[in-house]
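Here is how the chains run, residue by residue.
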Amino acid sequence: MSNHAPMNRRGSDGAHNAALFLLCALCFLAGTCFGAFPGAAQVSPLTVVARQDHEPFSYANMTGEPAGILVDLWRRWADRTGRPVRFVLASTSELQEWVEDGLADVWTGIFPLGSRPDVLMTDPVMLLFRAPTVTTHEGVLAVRAAVRPDQGELLAEINRGFRQLTAEDRRAMLIRWWPQDDFVHVPRARIVLAALLGSSFLFLWAVGTYVFYRFKFKGRAQELLTVLAELRRKNNALQSEIAERQQVEKDRERLIQELREALENVRKLRGLLPICAYCKKIRDDQGYWNQLESYISQHADVTFTHSVCPECSKKIYAELKAFKDAEQQKKKTASG
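Residues numbered from 1 in each chain as written. Predicted model: local features only at pLDDT ≥ 70, side-chain atom pairs only at ≥ 80, totals over all residues. Heavy atoms only, no water.

## Section: the confidence of the model for the protein
Applicable threshold: The predictor's confidence in any single residue is recorded as pLDDT, a number from 0 to 100. We call two residues in contact when some of their heavy atoms are within 4.5 Å.
Averaged over all residues, the pLDDT of the protein is 77; the fraction at 70 or higher stands at 76%. Long-range and interchain partners of residues 1–12, a stretch whose pLDDT sits below 50, account for zero contacts in this model, where long-range means more than four residues apart. Here residues 30–41 scores under 50 on pLDDT; set against residues more than four positions off or in separate chains, the count is zero contacts.

## Some thoughts on a nonpolar patch on the surface
Let me state the cut-off plainly: Patch building starts from residues that exceed 30% relative accessible area and form no salt bridge, then joins like charges within 9 Å and nonpolar side chains (Val, Leu, Ile, Met, Phe, Trp, Tyr) within 5 Å. Method for areas: the Shrake-Rupley scheme with a 1.4 Å probe, in which residue coverage is limited to the protein chains shown. Any Lys or Arg side-chain nitrogen found within 4 Å of a carboxyl oxygen on Asp or Glu counts as a salt bridge. For helices the rule is a DSSP run of H or I covering at least 4 residues; for strands it is a run of E covering at least 2, with both sets numbered from the N terminus onward.
A contiguous nonpolar surface patch, about 660 Å² in accessible area, is contributed by Phe203, Leu204, Val207, Tyr210, Val211 and Phe215. Within the fold, Val207 resides in helix 6 (residues 188–216).

## A closer look at the packing of aromatic side chains
To keep things clear, this is the line we draw: Between rings of Phe, Tyr and Trp, where Trp is taken as its six-membered ring, a pair exists when centres lie within 6.5 Å; planes separated by under 30 degrees are stacked, by over 60 edge-to-face, and by other angles tilted.
Under the counting rule described, the total for this entry stands at three aromatic pairs. With a centroid separation of 5.0 Å and an interplanar angle of 75°, the aromatic rings of Trp74 and Phe162 are classed as edge-to-face. With Trp74 in helix 2 (residues 69–81) and Phe162 in helix 4 (residues 152–163), this pair connects stretches of sequence that are 88 residues apart. An aromatic cluster of at least three residues, connected via ring pairs, comprises Trp74, Trp77 and Phe162.

## Some words on helix 4
We apply this condition: Multiplying one less than the number of residues by 1.5 Å gives the expected span of a helix. The buried label goes to any residue with under 20% of its type's maximum accessible area, the exposed label to any with over 50%, and the partly exposed label to all in between, with areas taken from a 1.4 Å probe on protein chains only. When we speak of the arc, we mean the arc of directions from the helix axis to the C-beta atoms.
Its twelve residues place the ends of helix 4 17 Å apart at the C-alpha level, agreeing with the 16 Å of an ideal helix rising 1.5 Å per residue. Looking only at helix 4, the buried set comprises Leu154, Leu155, Ile158, Asn159, Gly161 and Phe162. Axial view of helix 4: buried residues confined to an arc of 160°, hence all on one face. Residues of helix 4 that are exposed and point over 90 degrees away from its buried face: Glu153 and Arg163. Of the surrounding elements, those touching the buried residues of helix 4 are strand 1 (46–51), helix 2, strand 5 (106–112), strand 6 (120–121), strand 8 (140–147) and helix 5 (167–177).

## Observations regarding the side chain of Gln151
If you trace the backbone, Gln151 turns up in the loop between strand 8 and helix 4. Taking relative accessible area as the criterion, Gln151 reaches 15% and is therefore assigned buried. When neighbours within four sequence positions are excluded, Gln151 is seen to be in contact with Asp105 and Leu120.

## A closer look at the pattern of salt bridges
All chains considered together, the criterion is met by nine salt bridges. Residue Asp150 is joined to Arg148 by a salt bridge in which the shortest nitrogen-to-oxygen separation is 3.4 Å. With a relative accessible area of 61%, Asp150 lands in the exposed category. Through salt bridges with shared partners, a single ionic network connects Glu249, Arg252 and Glu253.

## Brief notes about the state of the cysteines
The cut-off we apply is this: A pair of sulfur atoms, both from cysteines and within 2.5 Å, is called a disulfide here.
Summed over all chains, the structure comprises zero disulfides. Summary of cysteine pairing: Cys276 is not part of a disulfide, and the nearest cysteine sulfur, belonging to Cys279, is at 3.3 Å. On the accessibility criterion, Cys276 (23% relative accessible area) is partly exposed. Counting only cysteine sulfurs, Cys312 is the nearest neighbor of Cys309, a cysteine outside any disulfide, at a range of 3.3 Å.

## So, the environment of Ala67
Locating Ala67 in the fold gives a position in strand 3 (residues 66–67). Sequence separation between Ala67 and Glu55 is twelve residues; the distance between their C-alpha atoms is 8.8 Å. With near-sequence residues (within four places) excluded, Ala67 lies in contact with Phe57, Ser58, Tyr59, Asn61 and Trp177.

## Thoughts on a negative patch on the surface
Selection rule: Charge counting treats Lys and Arg as positive and Asp and Glu as negative, with His and both chain ends excluded. Taken as the charge centre is NZ of Lys, CZ of Arg, CG of Asp or CD of Glu, depending on the residue.
A cluster of acidic residues, Glu94, Glu97, Glu100 and Asp101, forms a negative patch at the surface. By the element assignment, Glu97 lies in helix 3 (residues 95–100). Among the residues examined, Glu97 registers a relative accessible area of 44% and is labelled partly exposed.

## Looking at the side chain of Asn159
Keep this limit in mind: We define a polar contact as two N or O atoms separated by no more than 3.5 Å, with the added condition that, inside protein, one atom must be a possible hydrogen donor and the other a possible acceptor, whereas residues neighbouring each other in sequence contribute only through side-chain atom pairs.
Along the chain, Asn159 turns up in helix 4. Under the relative-accessibility criterion, Asn159 is labelled buried at 11%. At a separation of 3.1 Å, a polar atom in the side chain of Asn159 contacts the main-chain amide nitrogen of Asp123. If we skip the residues at most four places from it in the chain, Asn159 touches Thr122 and Asp123.

## Thoughts on the packing of helix 2 against helix 4
Put simply, the test is: Geometry is summarised by axes, namely lines fitted to C-alpha atoms with helices restricted to the contacting stretch, and by angles between N-to-C directions that run from 0 to 180 degrees. Note on terminology: angles under 35 degrees are roughly parallel, angles over 145 are roughly antiparallel, angles of 65 to 115 are roughly perpendicular, and the others are oblique. Residues were grouped as follows: Ala, Val, Leu, Ile, Met, Phe, Trp, Tyr, Cys and Pro as nonpolar; Asp, Glu, Lys and Arg as charged; and all remaining residues, including Gly, as polar.
The N-to-C vectors of helix 2 and helix 4 enclose an angle of 95°; their axes lie 9 Å apart at closest approach. What the angle tells us is that helix 2 and helix 4 run roughly perpendicular. When helix 2 is examined against helix 4, the residues Leu73, Trp74, Trp77 and Thr81 are found in contact with a partner set consisting of Glu157, Ile158, Gly161 and Phe162. Taken together, the residues of the contact of helix 2 with helix 4 sort by class into five nonpolar, two polar and one charged.

## Quick word on the nonpolar core
Which entries qualify depends on this criterion: Here the nonpolar core consists of buried residues drawn from Ala, Val, Leu, Ile, Met, Phe, Trp, Tyr and Cys, with membership extended through side-chain atoms lying within 4.5 Å.
Counting 29 residues, the largest nonpolar core has Trp74, Trp77, Val106, Ile158 and Phe162 as its most contacted members. Those elements that place two or more of their residues in this core are strand 1, helix 2, strand 4 (85–90), strand 7 (126–130), strand 8, helix 4 and helix 5. When residues of this core are assigned to their parent elements, the largest contribution, seven residues, is made by helix 2. The residues contacting Val106, other than those within four sequence positions of it, are Leu46, Thr47, Val48, Val49, Trp74, Val99, Ala145, Ala146, Val147, Leu154 and Ile158.

In structure tokens:
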């Protein structure tokens, strides 16, 4: 029994060493395979096109390599996401063509706020306010990126990577690349805080102004109401007087019109009228003798009606009675 024990122990040690050697060989083969095919474990690089000669945002340095704020920004994006980035510099007129033709994946640069129908735009990475005023349409600019309209997944990936950048990252890049003072970067949180403070100030100012003027004019409110009531009463009285004067003026105009019409209807006979002393006929301008009634009717708006005056009626009745008496006397004479 004691002679066989060392032999069993040596056999087990040999099997253990063989297994260890086999495991090392497998690891070596796996490393060799992955080394022979590096693309299987790597992510395809992202081609980013930017504007050339656009210091300090994007330009070619002394060695011809892309440099600038946008280059540093995308390199930090690559560090956060683990996806490599390759940079291309082009002229302003060629930037969009690089993306549309598929020569570049992303177009990065400085864009005004808003959307564009021809490309998909990322969220603003950094807001740049042009000093000293922001009233013009180019006053507020943003560092953004654009992709083709059919690359929505890539746009979401880019936005997720930029959200991992902190405010310190952005501020450090601006301090490094932006020694001038004609652009100022303001974090979004500070913009919101400034807007809230401004709104609060305006609200408090409006409330304070309302309270101040209310207490200031509180004692004079009744006086103003009394003055307004008196003005309203005088205004009503003045309107009544004006209405009466207008009515009097209308009555006066109506009376004048009636008098004018009456004067137009009256015809006057002027001058010397030749009249017959016996038959009372009147001679006109043509030499004809006309009855008195006819002449007056022609020269005046008059229509005659005939009657008998009392003196003439006595005379006529006396003549009629004498005529009747004479007729009766004739009849008696003729019958006797």
